[in-house]
Each structure stands twice: as C-alpha cells, then as structure tokens.
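# A structural walkthrough
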Protein chains: 2
Amino acid sequence: MSVHLRPEEIEAESFRLIDAEVGPHPWPPAEWAVVRRAIHTSADFDYARSMVFSAGAVAGGVAALRAGRGIVTDTTMALAGIAKPRLAQFGIRTSCFVADPAVARAAREAGVTRSILAMRAGAADSANGIFVIGNAPTALFELLRLIRKEGIRPGLIVGLPVGFVGAAESKEALLTLERERPEIPFITNRGRKGGSTVAAAVINALLILAAETTTNVRD
Amino acid sequence: MSVHLRPEEIEAESFRLIDAEVGPHPWPPAEWAVVRRAIHTSADFDYARSMVFSAGAVAGGVAALRAGRGIVTDTTMALAGIAKPRLAQFGIRTSCFVADPAVARAAREAGVTRSILAMRAGAADSANGIFVIGNAPTALFELLRLIRKEGIRPGLIVGLPVGFVGAAESKEALLTLERERPEIPFITNRGRKGGSTVAAAVINALLILAAETTTNVRD
C-alpha cells in the first residue's frame, strides 16, 4: 500500500505522477524543479501555467542562497515551511518581523499594515537579501518601493502573495521590475493564487538545487 | 487604491468578492464561515465544492475550542498559521512533534514516517483533543488507528492532507468514521488538495465562531 512507502519514495512517486499528468511542457529543467515542487505542495496544476521567472532567476536565486544571504519572510508560516537543515548548510539566517510587538505598535500608529513595516525591518539589515512573500500584497508593494526609492538590492524575490484584494496586482507590479532592474532575480506567478506553503516550496526547491554543487544550474 | 484599505477592510472586501463569485450555494451559515475562510486563504474556489463536514462538526469543534482542549498539528506551518491571540482567550495549548529529535530518531529506527510518531506523541497527552492535519496522509491514517485501536476520542479532527500519494485516500478513510463514531466531529475535503494554510484557516474560522459567544452556533 502506497502509504507504507518511505518519505523519499513518496516524493519520487508524487513527482512521477505530476510529470505524467502535466505531460510535455516548456519549462527548462531547473525551472521545472521549482514549478514541480510548487505543484507538489499544493496539488494545484495551475502553477504549471501561472509561474513566472525573471531571466536567470533560478541561477541567481541559487547564488544568493550559496552566498548565505539572509531570508526575510512576510509570514511565520512561510518561515516555518523552509527546510532548516539545508539553511544551516549555507549558514543562512531567517527572520520574520510580522509578529514583532514593536512592528505591530508602529503599524497601528502609522495606520499601515504590519506587513509593510515588517518588510522594512527585514530590509534594514544588510545581511538580508532574499525576500519571501507568501501572503501580503502590501509587503510586496513595499519591497518594490524599497528597491526603487531606498536602494535595496535583493539577491532574490519570491513574490507569491495570495488573495482577492491586491495580490494579483502586486505580482503584476513585480513583473515590471524585470525591464527596470534586470539584475534582481524574482520568481512569482500570475493571478490570485499563491501562499506561504508555495513560497516556502520555491525556496526549498532552490535549496536542493543549491546543494547539488556538482550540478551546473541553468535556467 | 485597494491596498490602502485597513486589514479588516481588506478581509471584508475579500469576503464580498468570494460571496459574489460563488453565488447561491447550499452551505449553512456556520459551515460557510469555514468554507469561505478556506477559499480566502487559498484563492481556490474548489473548496466551495470539496469541503465535507460531519453532522454537527462546527458546533462540536466550537465546543472543543471553548473547552480549551489542546491542539496537535502535523506541521509547524499549520501551528504557525493558527491565530495566537484567540488561542490565549480560550487557554488552548498547541503542540507539534514532527520536528522533535526523539520522534525523528524513533521514526528512523522503526522505519515509519515522523508524522505517525508525532501524531502518537500528541495523542498521548489527554489534554489534547483537537487534531489538525494539513500535510501528511500517514498522520491522518495513524489518528484513525489511534481512535479505533487505542480509544482516543478527539473533540475535533481537521483532516486536510495534501498531495499525490495517499492524501485523497486518507480523507476517504476519515469519511468512513462518521457512521462508526458519529460523536467525533471532523472537517475535511475530497481530493488531493488541502495543506497547512487551509487547515489553519479552518481552525481560525472556528476560533472566530467560538469567540462570538452571544451567537448560537448551528450548522
């Protein structure tokens, strides 16, 4: 019975099922490793069509991870979903300021979302360079503002906010970054879907690629 | 511009959009509060069709929360996604043993998934009565075994494992519990989809209903 498979066998079997159901597709291998893990974590084949990578995003993201740049997430869920042993391998620190009492107080006083101030707090530490947004459109809009107005230079943006108000718009805004700042790698999708589990899955897929040191990552 | 709405306004607007897109539906109000929050957190309207509640599940789940029964999750993500202020209101403790080193070691030795032993560890504490499964089919199968073979009596099961190997089957197995043990409330869905964000959203919806003490919860 399939549930008696070991975890690595369950994953391999899942990937075989995903490959078979998707059939022929246009994704290069490194990008497909990311898209497939997004499908694996959500059981949602929409990601086979909706994901978008900036040119060189996988190679750039892998380089940022190998360089040990700190990861900032917009939710504690996304942070919880990132594979900790692989982070340790690269000496990567993670942080999320959305539940920080000082951030909550400042947000109330300023009349803005906690996500905006949490992103600002993460960007203030120059050791951080990987921004993972799985929930809040306002976090992604703020990150774009920090890039354009305050000179922040992320090594990778995973922009996958979810929802009905602003999520799709925030991702369309991220897509405009490619022409303007082609040196900043990003991975996102089109539409309302996304979420902390999918955002964490993208980072986990990149961490696996980053660990395959003998492999030359191209996308 | 919509992103300048306050968080509670964003949520209300999201709910209006969901109501409008779903249109007429057969869900009673209390169940709809749960289904709508699952859609809200995933932007996936499949949940309007796929969710399944045992008879009296919402009222039973609300009672278990008001009674302060401990919550056991299968993932740290699901645990991270549950609204902490509302838990404090009811004196509810949460636990997740999947990252426990002793559980990991025992799972390796026994050749079973960590999720199985993590569920067993949670069930061993009689203060725990609410089981939230957002990832691992093996955790849900093990919970059903604990109920049938070891006399565990959950006050609520949220069974929403996701994936391609065993997830749908584990939820079909949960559905067989209703005839056999009608006193155990459960909330689940049919098919492969699910996940930690949706499982946490179900608990958060029930916590909001539980906090509405002047409202008589029916479903």
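The rules behind each value
Residues numbered from 1 in each chain as written. Chains lettered and ligands numbered in written order. Predicted model: local features only at pLDDT ≥ 70, side-chain atom pairs only at ≥ 80, totals over all residues. Heavy atoms only, no water. Pairing = 2+ DSSP bridges. Helix = DSSP H or I, 4+ residues; strand = E, 2+ residues; numbered from the N terminus. Contact = heavy atoms within 4.5 Å. Axes fitted to C-alpha atoms, helices over the stretch in contact; angles between N-to-C directions. Buried < 20%, exposed > 50% of the residue type's maximum accessible area, 1.4 Å probe, protein only. Polar contact = N/O pair within 3.5 Å; in protein donor to acceptor, adjacent residues only side chain to side chain.

## Quick notes on the sheet that holds strand β4 (residues 128-133) of chain A
Residue and element names in this part refer to chain A. Strand order in the open sheet formed by 6 strands is β1-β6-β5-β4-β2-β3, with mixed pairing between adjacent strands. Because the sheet does not close on itself, it has two edges, and the strands there are β1 (51-53) and β3 (94-95). Two elements, β4 and strand β5 (residues 156-159), share 4 bridges in a ladder whose sense is parallel. In the strand pairing of β5, Val-132 is matched with Val-158. The sheet contacts of helix α8 (residues 114-123) involve β2 (70-73) and β4, and relative to β4 the element is tilted by about 160°.

## A few points about the side chain of A:Thr75
Residue and element names in this part refer to chain A. With respect to the helices and strands, Thr-75 occurs in the loop between β2 and α5 (76-81). We classify Thr-75 as buried; its relative accessible area is 11%. In terms of polar contacts, Thr-75 uses its side chain to reach the side chain of Ser-196, at 2.9 Å. Those residues within four positions of Thr-75 in sequence are excluded, and the remaining contacts are Cys-96, Val-98, Asn-135 and Ser-196.

## Structural notes on the pairing of β2(A)
In summary, the side chains of a regular strand alternate between the two faces of the sheet. Residue and element names in this part refer to chain A. Neither face of β2 is open: one carries Gly-70 and Val-72, the other Ile-71 and Thr-73, and all of them are buried. Pairing of β2 with β4, which is carried by 4 bridges, proceeds in the parallel orientation. Its bridge partner lying in β4, Ile-71 is registered against Ile-130. In this sheet, β3 lies alongside β2 in parallel orientation, the contact comprising 2 bridges. Residue pairing across strands places Val-72 opposite Ser-95, the latter belonging to β3.

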